[in-house]
Amino acid sequence: MTKSEFPRRAIHLDFHTMPGVYDVGRDFDAVEFASTLSEAHVDYITVFAKCNLGFTYYPTEVGVCHPGLQAPDMLGQMVSACHQRDIRVAAYINVGLDHEQALRHRDWCKLNRDGQIYEMQTMSHFFRKMCLNTEYGDYTLGMIGEVLERYPIDGLFLDCFTLHPCYGVECVEGMADAGLDAHREEQAREFCWIVTERFVQDVKRLVDEMAPGINLYFNGLPYRWQPTHVEIEVLPTAFWGYEYLPWAARYARTLDKPFFTMTGRFHKGWGDFGGLRPEHSLVFDCRNSAANGGTCSIGDHMHPRGRLEPAAYDLIGHVYADIRSREAWTAGARAVSEIAILQPAMQRYPGDPDGIDMPALKGATRMLTELKYQFDVCDGEGDLSKYRVILLPDRVDLTEPLRRRLYEYLERGGVVVSSAQAGIDSEGRHCLLPEIDAFSEGSEPHAPSFFRALGEAGRSVPGMLVTIYDQGIAMRAPEGAVVLAELHRPYFNQGSWDWRHENVYIPPEADSGRPALMRAGNVFHFSFPVFGGYFRHAVLAYRGLLDHCISLAVPNPMVRVVGMPSFGQVTVTEIGKERIVHLLTYVPELRGAEVQVVEDPITAVAVKVALRDDGGRIRRAYLAPQGAELSLDREGGYASVLVPSVVGHQMIAYEVE
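Now for a look at the structure at hand. If you're wondering where the values come from, they're calculated on a predicted model, not measured in any experiment. (Residues numbered from 1 in each chain as written. Predicted model: local features only at pLDDT ≥ 70, side-chain atom pairs only at ≥ 80, totals over all residues. Heavy atoms only, no water.)

Description of the sheet that holds strand S11 (residues 334-335)
So, point 1. Strand order in this open sheet of six strands is S11-S24-S25-S33-S29-S30, and the pairing throughout is antiparallel. Strands at the two margins of the open sheet, each flanked by one partner only, are S11 and strand S30 (629-630).
So, point 2. Inspection of the sheet shows strand S29 (residues 618-624) paired to strand S33 (residues 649-656) by six bridges, in the antiparallel sense. In the sheet register, Tyr-622 faces S33, and the bridge partner there is Ala-653. (Pairing = 2+ DSSP bridges. Helix = DSSP H or I, 4+ residues; strand = E, 2+ residues; numbered from the N terminus.)

Here's the deal with the environment of Ser-566
So, point 1. With respect to the element layout, Ser-566 can be found in the loop between strand S23 (559-562) and strand S24 (569-575).
So, point 2. Residue Ser-566 is classed as partly exposed on the basis of its relative accessible area of 42%.
So, point 3. Each C-alpha atom, one on Ser-566 and one on Pro-7, is 33 Å from the other, the two residues being 559 residues apart in sequence. (Buried < 20%, exposed > 50% of the residue type's maximum accessible area, 1.4 Å probe, protein only.)

Examining the pairing of strand S17 (residues 449-453)
So, point 1. With four of five residues buried, S17 lies mostly within the body of the structure.
So, point 2. With three bridges connecting them, S17 and strand S18 (residues 466-468) associate as antiparallel partners. Within S18, the position partnered with Ser-449 by the bridge is Ile-468.

A word on the packing of helix H1 (residues 30-39) against helix H2 (residues 74-84)
So, point 1. Two elements in contact, H1 and H2, have axes whose closest approach is 9 Å; the angle formed by their N-to-C orientations is 50 degrees. Here H1 is positioned oblique relative to H2, judged by the angle of their axes. When the axes of H1 and H2 are compared, the crossing they make is right-handed. Between H1, through Ala-30, Val-31, Phe-33, Ala-34 and Leu-37, and H2, the contact on the second element is made entirely by Gln-77, Met-78, Ala-81 and Cys-82.
So, point 2. For the contact of H1 with H2, the residue count by class is eight nonpolar, one polar and no charged. (Axes fitted to C-alpha atoms, helices over the stretch in contact; angles between N-to-C directions. Parallel < 35°, antiparallel > 145°, perpendicular 65-115°, else oblique. Left-handed = near helix turned anticlockwise from the far one by under 90°. Contact = heavy atoms within 4.5 Å. Nonpolar A, V, L, I, M, F, W, Y, C, P; charged D, E, K, R; others polar.)

Considering the state of the cysteines
So, point 1. Tallying each qualifying case throughout the model produces zero disulfides.
So, point 2. Left without a disulfide partner, Cys-82 is nearest to the cysteine sulfur of Cys-296, which lies 19 Å away.
So, point 3. Of all cysteine sulfurs, the one in Cys-171 lies closest to Cys-131, which takes part in no disulfide; the gap is 3.6 Å. (Disulfide = S-S within 2.5 Å.)

What to know about the nonpolar core
A general tendency of soluble globular proteins is for nonpolar side chains to be buried together.
So, point 1. One finds Phe-33, Leu-37, Ile-45, Met-74, Leu-156 and Leu-158 to be the most contacted residues of the largest nonpolar core, which totals 93 residues.
So, point 2. For this core, the leading source of residues is helix H6 (residues 185-210), giving 10 residues.
So, point 3. For Leu-156, the contacting residues outside a window of four places in its chain are Ala-90, Ala-91, Ile-93, Ile-144, Leu-148, Val-207, Ile-214, Asn-215, Leu-216 and Tyr-217.
So, point 4. Counting 65 residues, the second largest nonpolar core, distinct from the first, contains Met-367, Val-461, Cys-549 and Ile-550. (Core = buried A, V, L, I, M, F, W, Y, C linked by side-chain atoms within 4.5 Å.)

Remarks on the side chain of Glu-578
So, point 1. As for its position among the elements, Glu-578 is in strand S25 (residues 578-584).
So, point 2. Although Glu-578 lies buried, it forms no salt bridge, and the closest oppositely charged side chain, Arg-620, sits 5.2 Å away as judged by the N-O distance.
So, point 3. For Glu-578, the side chain forms a polar contact with the side chain of Tyr-622, separated by 2.6 Å. (Lys, Arg positive; Asp, Glu negative; His and termini not counted. Salt bridge = Lys/Arg side-chain N within 4 Å of Asp/Glu carboxyl O. Polar contact = N/O pair within 3.5 Å; in protein donor to acceptor, adjacent residues only side chain to side chain.)

Below, the structure is given as C-alpha cells:
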C-alpha cells in the first residue's frame, strides 16, 4: 500500500494506563508487535504518544512520562517496526483530557458555570476538562511539535475535544474582548467554538510545516472540519448502539472525504480488557462500513505490560482476511443514492448534537433502510438537485439561503416529505409553500389521536384507525391540497382528570376535520412526528404511509429487492464500471436487559434483486467475491437476478458498458 492510499484495515490502539501500574511496557517487543499486526492484515494503526491520563510513552522533554514506564521509547519502536512491515502509524494525543496536568495546573482546567474545576459528581473521564484558552493550548502544541519532529509518523489522532463553555478568567475576558456576554450560555458556548477553531488552525499550520501530507483527525469535532478524512467512532455494544452507523455513514459519505468506521473488539465499551465480541459481530460492522463506501478500523486496548492479546488478533485476523478478500469490489467504491434526509444541524456534528432531533433522524434512517431505498443524510451544503426526494424529519430549522435552495429544488420538480414542525415558520406557514395560507394552527391538542389512510395511501396500512402516540401540529389543509390521511380525535386526552377518574382507556370519537397527511404541490406533510414516532413506537403503518408518499415521487426506485427480511439492508455502490448491490442480513439480538449481540448470520434464500438499468447498459451480473455468473432478466427498465442465498452478506456485481 502506498502512502497516498487511504487505510483499509486499521487498528485504533488505546493505552490509557493508570499511574499505579508499575510495570508498563515490561514485556513489549516491537518486532513481535508489528508481526502480530501484519499477520492480522492490518495496514494502519493509531498508537499512543500521550494517553487520557496525560502520560507519554516516549522520552518527552515537554510532558510527563508514565511513572511506571520500563520501555523508554515505545512510540519510536512501534513506528520503526511497523514501517518495516509496511504498516502506517498515526500518533494518538489526547487534547481534551490530561489528568496529570489537571493535577499539576488546576488553572489549565475549564471552570464550569458553578465555579467548579473538578466535577466530582460526574467522575469517569470527563470530570476534569482542559481549556485550550490557557497555557495548556501552547503546552499541547509543543507536544504535537515534539512528536512530529522526532518520529516519521503517518498521521495524528487528537482526541476528546469538548465544546463545554469555560468560565475561567481567560475565557471570560476573551468573551468580553469578542463582544460576547458570559452570562448567556449560548454565547459562552460560541466562544468555546472560537477557541477550538483557533487551536485547530494552529495544529494544521504546524502539520503543514513539519509533516505535510499526513492524516490528521480531530475527534469530537465536526466531520466537516476534518482536513483529510473522517473516522466514525461507533462501538455498537457501547452507548452508540446499532442505530448509529446507518445514519452516520450515510452522512460521512456525502462529504467527499474518505472515511472508516471505528468499531471495537470489546464485548462492551472501550477498555474492556477481557471482552471479545463474536466473529460475525465484527464481520457485520466491517462489511456494513464497506457497503456504505467506507473502510474499517477496530479498536483495541493493549495490556500495560505491552503485549497484544493473541486471541483478539486471531479474531481480527479472520475478520480482516474476509474484508481483504472483498476489496476488489469495495476499496475506493462510492455510494449511490437518490433520496436525502436533510438535517442542517449536522454541519456541527458531532461537536454540537443539540440541534439535531436524533429520534427523528434515526427513525427516518430505519424506515428508508427497511423500505430498501437508496439514501444519504445531508446537511444542505452539497448539491441537492441529484436527489429525487428530500425528507425533513419532524424538527428541522431552515436558514433563509437553504429555504431558497429548497424552493428552487421544488420548482425543478423535486419532492419534499416533511412532518410536524419541520419547515414550519413562526407564523405557522410551511416556508417551502409561500403561495398558500398558514396551515398550522398551533400544537395538536389531542393525545393520542388517530389516522385513517384514504384511497391508495392505505394499501400498506391496516383498514382501521391507527394510533398516533406523539403530538405534532394541528394542521389545516389549504385550498388545493389533497388529504391522504384524515385525523380523528379521541373522546378525551390520555391521563386527563375529571375529579372522578383519570382517563386511561382512550378510544377514537370522531373525525377532527383536519388531515394527518396531505399533499400540496410537491410537498407531502405529516401533522405528527412520523419519523421520531417510528423510532419510539415501531408502528409499521407509519412506514406504509411514508412508502406511499415516496412511491408517488419515485415509481422506479434504483433497486427493488424481493425475499429479503425487513431488517435486511440494501446499499448500492459504484467502482470503475461496476455497480455493486450489497445485501446484509445480520440482525442484532437483545440478550438480557441491555446487551445486543450479533452471533450468527441470518440466511435468506431465493432473493430477487432488480437494479434499474439506466440506458440499458448493464451487460452481465455475478456474485462477488465468488465469481458465479447470474442469469439476467430484463424487464420494465430493470436488470433482475435471482440470488440463491444470502448468508449474512452478499455482493452482486453488475457490469455496465
